[in-house]
Amino acid sequence: MPPPRAGLFVTCLVDLMRPSVGFAAARLIEASGCTVVVPERQTCCGQPAYNSGDRDTARSIALQTVRAFADCDYVVVPSGSCAAMLKVHYPRLVAGDELESEVRTFASKVHELCTFLADVRRYTNVPGRYEGRVTYHDACSGLRELGVKSAPRRLLGNVPGLELAEMREAEACCGFGGLFAEKYAGISNAIVTRKADDATASGASLMLAGDLGCLMNIAGKLTREGRQLTCRHVAEVLAGELSDPPIGHGKVASP
Amino acid sequence: MTRDTILSRIRAATTLPANPAPAHHRARARLVTPGDEAIARFRANAEVKGATIIEIENLTALPAALARTIPDARTIRMNDPVFREMPWSDAGVTPLFGAATPDDTVALSRALAAVAETGTLVLASSAENPPSFAFLPEVHIVLISRSEIVGAFEDALGILHHRFRTNFPRSVNFISGASRTGDIGGRIVHGAHGPRRLIVAIC
Amino acid sequence: MTPTTSEFPANATRALTDSRLQSALAKLPGGLVAQRRAAVASLPEFEAMRNEATAIRDATLSNLAFHLETFEAKAIAMGSHVHWAADAAVACRIVTSICRTAGARLVVKGKSMVTEEIGLNPHLEREGLNVVETDLGEYIIQQRGEAPSHIIAPAIHLTEADVEADFRRYHDHLANDRPLGSSDSLVAEARAVLREKFLAADVGITGANFLVAETGSSIIVTNEGNGDLTQILPRVHIVVATIDKVVPTLSDAMTLLRVLARSATGQDMTAYTTFATGPRRASDLDGPDECHIVIVDNGRTEMLASEMRAALRCIRCGACMNNCPVYNAIGGHAYGWVYPGPIGAVLTPALLGIAETHHLPHASTFCGSCESVCPVKIPLVSLMRSWRERAHDRGLQSVTSRAVASCWSYTARHPALYHLIARFAVAIGGSLGRAKGRFRKLPFARGWLKHRDLPAPQGRTFQQLWKETERGVPR
């Protein structure tokens, strides 16, 4: 039997801002026994349009995405919020019309990355190693819409040398919320300040999460305040892909 | 005109469900506790809410027990004829019969039932148990019989139904502890408007 | 209450920089959220009750006319008068007329959000009546001329020092040198002052947590006892309640009461849960001579007919706002009207129109905490999104927002164009940002950059790099 075809839904943030996360994810998916394909006709999951109230655009993007992954056995997403968009909200966008069953079939194949590795493929002996204390932020959509909570922790538990220290209120929102961080920046700042404080207080040197939007938000706050705590996507540590600087840090050593 | 308008707008907006769903909760199965267990559970839950619990052998022991618990009380407002024959003067207390007045500091009521689930008393208004007894004075004493302490609220509703069917008296009060507020600065303070202290006498 | 919902951004900014408000808000998470968690954990059946509570509310709303008529018939049979008010103005007129007929001069009130909504107090005062709020938190803010900042704890934004200053100002018949430093002494003083009002009042007005059709009763759930004194002592009792407050039976009410207190304040029961049915009976020694129930529509029938129906399940516990990161950052006043937090973001547009209120459903991260704690599972995020859709259809966002959104939407639907523009943009961004790895300043994203850096792109897109690494072999 040939290995299953896993389509990687890259997400626009990974595609544009941090491709190394995509490569880390691909490496892990392949190690779990799948062939990785990256359909070209994917752009964005459609959340920006959907959450701005533009249902028509969201629907068009949904259909585009569904068709791009038609020949895949799985659709794996290194982002809880994008995975939730594809799995939970795409069916709602077409509820009641003739596309519903096609979209439902697609949705049943969608998995957030950590859940895919740990629960679907039962693959947990990841190649990464990390010496040090790490803390984990539970991004909202993945947590509350998809139940992503223990999977990343089980995977991190198999990284030799890594000590996981839970932060206070790990499940609290980081204040990103997509366009919210720009439109209601003052409120977003109040929320991310609290998250930055809680993450720092854990004593970890590195903060991980499964969503690049949250990570960019928190990392941006930490570097603006000159704090030591750095941020990476959880896939980077699991795959042992640490050659790029952490999020928001350059080749030159900070400040 | 307005009434008909509202009702017709509501009818236009709603359709009957195929299977209307009245709900019955299942906690009762866990909370049905017989006899002594219910009394102990009631006591524990009421005390956590700040009530003072005293247990007496029979009604005639009540005045003396109250004199020990609230030694400063000289008068107690009450209106149930069954209290008339009790040895109040021996305990140094003057009973005041009739309607409550703003000067009353202590009042005595009888509860219809008590619920172990949360340490709650169930009182029903009547000439013998005016609800003002439960809210005007500083100290409220409630008398309850052991046999009327039940496990869950559903049992208490059963008692109310047995007594009143669906024709309730003016007030049915579920009382769980003394009056309290957290409205100033988030700190809990007792005696906001109702009584500062709740004493439950189990007989 | 005059809404300031359209000024939400300015309201929020003011709230964020109000240090007294911020220190009061800092008390909230530790308090109510933790208490709710503990109370929920202590009742193993909580989740099942939550499902049952939701089912009860939905079933009642589907058959609302029947249950309201049943309630009305029973309430009348038990001696109450039942009145129907299509909107705020009619409700105020009915209440005023009852007060006039009773020759009333002084009115005491228990806590009621709907009376805020219909603007009852100012209306009664214009008609020459003296109105006193008796819930301690409401009393305090009434003296200050403010609106409640929270459904359950209306004065949570104030400190003890604030209240002491207020009481010294307003209770000027009391000795100046009296000690008033602690919350104990403040509560004792409020108790004494308000006791006089209860005893002198002609009319007592309460809201209702629920109206029970089976018995024709109204239920109030309190800790202070002020609601009870309001409905025991004055000779006229008026209940004001919206159409969605009705529940069919006592048993249904019990399921809802179990989840209400736990969700609101973490108590398994509040100090007082009272069922009031009709006026005093012939043999009673106390109680009102008349009991009136005013059933108010004011926009609810429209909600019932729309996708907003689920919001009518609300039992006013306040758990959504206690658990909301936005509410915890800005408090209740910033929302600009009676109902704050996530439920406010859904209800206010329904009652005031989306044009004036569009900021409320937009000022959310959609974290979903509200939905996860709502005892009746109102899909608050979906409802806020529905309001965003209506705002979008009406073109209520700024021209810039709409332009940016259109460009994004167009490119996202044209993958080849998208990938081309992306390569170009990240190449520029990547080379500008290479050294530091982040931007402090840019000619866009001003809001973001005011408070935090924007991490720079790595410089190539994933799609570009994937093609360059020979069909699937990662670097």
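Residues numbered from 1 in each chain as written. Chains lettered and ligands numbered in written order. Predicted model: local features only at pLDDT ≥ 70, side-chain atom pairs only at ≥ 80, totals over all residues.

Draft legend 1. Region of interest: the overall build of chain C. Secondary structure assignment for chain C yields 25 helices and twelve strands. Structurally, chain C occupies a C-alpha span of about 95 × 60 × 45 Å along its principal axes. The proportion of buried residues among the 475 residues of chain C is 56%. For chain C, the proportion of contacts with a sequence separation of at least 24, taken over those separated by at least 6, is 75%. (Helix = DSSP H or I, 4+ residues; strand = E, 2+ residues; numbered from the N terminus. Buried ≥ 20, exposed ≤ 12 C-beta atoms within 10 Å, placed from the backbone. Contact = placed C-beta atoms within 7 Å.)

Draft legend 2. Region of the structure containing the overall build of chain A. The secondary structure content of chain A amounts to 13 helices and eight strands. Counting only C-alpha atoms, chain A reaches 55 × 45 × 30 Å along its principal axes. In chain A, buried positions account for 62% of the 255 residues. Relative to all contacts within chain A whose residues are 6 or more apart in sequence, the contacts with residues 24 or more apart total 77%.

Draft legend 3. View of the interface of chain A and chain C. On the side of chain C, 56 residues touch chain A, which itself brings 65 residues to the contact. For the side of chain A that touches chain C, the secondary-structure elements that each account for two or more residues are helix H1 (12-17), helix H2 (19-31), helix H3 (47-51), helix H4 (55-68), helix H8 (140-146), helix H10 (180-183), helix H11 (185-201) and helix H12 (212-224) of chain A. Residues that form the side of chain A that touches chain C fall into these classes: 30 nonpolar, 20 polar and 15 charged. (Nonpolar A, V, L, I, M, F, W, Y, C, P; charged D, E, K, R; others polar.)

Draft legend 4. Spatial organisation of helix H23 (residues 415-433) of chain C. Taking 1.5 Å as the rise per residue, H23(C) with 19 residues should run 27 Å; its terminal C-alpha atoms sit 26 Å apart, in good agreement. Listed in full, the buried residues belonging to H23(C) are Tyr418(C), His419(C), Ala422(C), Val426(C) and Gly433(C). Projected onto a plane normal to the axis of H23(C), the buried residues spread over an arc of 85 degrees and lie on a single side. Facing away from the buried surface of H23(C) by more than 90 degrees, the exposed residues are Ala416(C), Phe424(C), Ile428(C) and Ser431(C). Buried residues belonging to H23(C) abut H1 of chain A together with helix H22 (399-412), strand S11 (438-439) and helix H25 (462-468) of chain C. (Expected span 1.5 Å × (residues − 1). Arc of directions from axis to C-beta.)

Draft legend 5. Looking closely at the sheet that holds strand S7 (residues 236-242) of chain C. Residues and elements named next belong to chain C. The sheet built from six strands is open, its strands ordered S1-S10-S7-S4-S2-S3 with parallel pairing. The sheet is open, and its two edges are formed by strand S1 (81-85) and strand S3 (130-133), each paired on a single side. Ignoring strand direction, the axes of neighbouring strands in this sheet form an average angle of 20 degrees. Relative to strand S4 (residues 203-206), strand S2 (residues 106-109) runs parallel, the two sharing three bridges. For Val107, the partnering residue across the bridge sits in S4 and is Val203. (Pairing = 2+ DSSP bridges. Axes fitted to C-alpha atoms, helices over the stretch in contact; angles between N-to-C directions.)

Draft legend 6. Inspection of the interface of chain C and chain B at higher detail. Every contact between the two is made by 75 residues of chain C and, on the other side, 64 residues of chain B. Considering each element in turn, the side of chain C that touches chain B owes the most residues, eight residues, to helix H4 (residues 46-62) of chain C. Considering only residue class, the side of chain C that touches chain B consists of 37 nonpolar, 22 polar and 16 charged. Relative to strand S9 (residues 272-276) of chain C, strand S9 (residues 171-175) of chain B runs antiparallel, the two being bridged by five bridges. Paired with Phe174(B) across the strands is Thr273(C), a residue of S9(C).

Draft legend 7. Region of the structure containing the domain arrangement of chain C. The domains assigned to chain C are domain 1 (1-34 + 310-397), domain 2 (43-298) and domain 3 (411-468). On a C-alpha basis, the centres of domain 2 of chain C and domain 3 of chain C stand 56 Å from each other. (Domains from an automatic or database assignment.)

Draft legend 8. Local environment of the nonpolar core. Formed by 289 residues in total, the largest nonpolar core has its most connected members in Ile218(A), Val122(B) and Val294(C). At nine residues, helix H13 (residues 250-264) of chain C tops the list of elements feeding residues into this core. With sequence-adjacent residues up to four places away left out, Val122(B) is seen in contact with Ala111(B), Leu112(B), Ala113(B), Ala114(B), Val115(B), Ala156(B), Val172(B) and Phe174(B). (Core = buried A, V, L, I, M, F, W, Y, C linked by C-beta atoms within 7 Å.)

Draft legend 9. Geometry of the domain arrangement of chain A. Residue and element names in this part refer to chain A. Per the domain assignment, the segments of chain A are domain 1 (5-120) and domain 2 (132-239). Each of domain 1 and domain 2 was reduced to a C-alpha centroid, and the two centroids are 22 Å apart. Classifying every residue of the side of domain 1 that touches domain 2 gives 16 nonpolar, nine polar and five charged.

Draft legend 10. Examining the confidence of the model for chain C more closely. The predicted model of chain C has a mean per-residue pLDDT of 91, with 97% of residues at 70 or higher. As scored by the predictor, the complex reaches a pTM of 0.93 and an ipTM of 0.96. (pLDDT = per-residue confidence, 0-100.)

Draft legend 11. The arrangement of the arrangement of the chains in detail. Looking at the two pairs of chains with contacts, the pair that accumulates the most is chains B and C. At the C-alpha level, the nearest point of chain A lies 20 Å from chain B, with no contact between them.

Draft legend 12. Spatial organisation of the packing of H11(A) against H12(A). Residue and element names in this part refer to chain A. Contact pair H11 / H12: the axes reach a minimum separation of 10 Å and the direction vectors enclose 75 degrees. Comparing the axis directions of H11 and H12 gives the class roughly perpendicular. In contact with Val192, Thr193, Lys195, Ala196 and Ala199 of H11, H12 contributes Asn217, Ile218, Lys221 and Leu222. (Parallel < 35°, antiparallel > 145°, perpendicular 65-115°, else oblique.)

Draft legend 13. How the structure looks around the sheet that holds strand S6 (residues 217-222) of chain C. Strand order in this open sheet of eight strands is S8(B)-S5(B)-S6(B)-S9(B)-S9(C)-S6(C)-S5(C)-S8(C), and the pairing throughout is mixed. Taken across any chain shown, the strands that pair with only one partner, and hence form the sheet edges, are strand S8 (149-150) of chain B together with strand S8 (246-247) of chain C. Sheet topology places strand S5 (residues 210-212) of chain C next to S8(C); two bridges connect them, and they run parallel. Residue pairing for S8(C): Leu211(C) is matched across the bridge by Val246(C).

Draft legend 14. The environment of Phe83(B), seen in detail. Residues and elements named next belong to chain B. Structurally, Phe83 can be placed in the loop between strand S2 (75-78) and strand S3 (94-97). When the C-alpha positions of Phe83 and Leu62 are compared, they lie 9.5 Å apart, and in sequence the two are 21 residues distant. Not counting residues up to four positions away in its chain, the partners in contact with Phe83 are Met78, Pro95 and Leu108.

Draft legend 15. Main features of the environment of Ile98(C). Residues and elements named next belong to chain C. Relative to the helices and strands, Ile98 is located in helix H6 (residues 88-101). You can call Ile98 buried: it has 20 C-beta atoms within 10 Å. Sequence separation of Ile98 and His237 is 139 residues, and the distance between their C-alpha atoms is 9.8 Å. Excluding residues that lie within four positions of it along the chain, Ile98 makes contacts with Val236, Ile238 and His292.

Draft legend 16. Representation of the packing of helix H6 (residues 153-164) of chain B against H13(C). Put simply, H6(B) and H13(C) touch, their axes get as near as 11 Å, and they point 150 degrees apart. The pairing of H6(B) with H13(C) is recorded here as roughly antiparallel in orientation. Crossing angle aside, the handedness with which H6(B) passes H13(C) is right-handed. Between H6(B) and H13(C), the residues in contact are Phe153(B), Glu154(B) and Leu157(B) and Leu250(C), Ser251(C) and Met254(C), respectively. Class assignment for the residues of the contact of H6(B) with H13(C) results in four nonpolar, one polar and one charged. (Left-handed = near helix turned anticlockwise from the far one by under 90°.)

Draft legend 17. Representation of H13(C). Residue and element names in this part refer to chain C. The terminal C-alpha atoms of H13 lie 21 Å apart, and with 15 residues this matches the ideal 21 Å at 1.5 Å per residue to within 8%. Most of H13 sits inside the fold, with 14 of its 15 residues counted as buried. A positive backbone phi angle near 80 degrees is found at Gly266, which sits one or two residues after H13.

Draft legend 18. A look at unusual backbone geometry. Here the phi dihedral of Arg165(B) falls at roughly 55 degrees; this positive angle occurs in a residue that is not glycine. By the secondary structure assignment, Arg165(B) is in the loop between H6 and S9. Its identity is not glycine, yet Ala445(C) carries a phi of approximately 50 degrees, on the positive side. Mapped onto the elements of the fold, Ala445(C) is located in the loop between S11 and helix H24 (446-451). Among the residues examined, Ala445(C) registers 14 C-beta atoms within 10 Å and is labelled partly exposed.

Draft legend 19. Quick look at the environment of Asn158(A). Note that Asn158(A) resides in the loop between helix H9 (150-156) and strand S6 (162-164). Placed 34 residues apart in sequence, Asn158(A) and Thr124(A) show a C-alpha to C-alpha distance of 6.8 Å.

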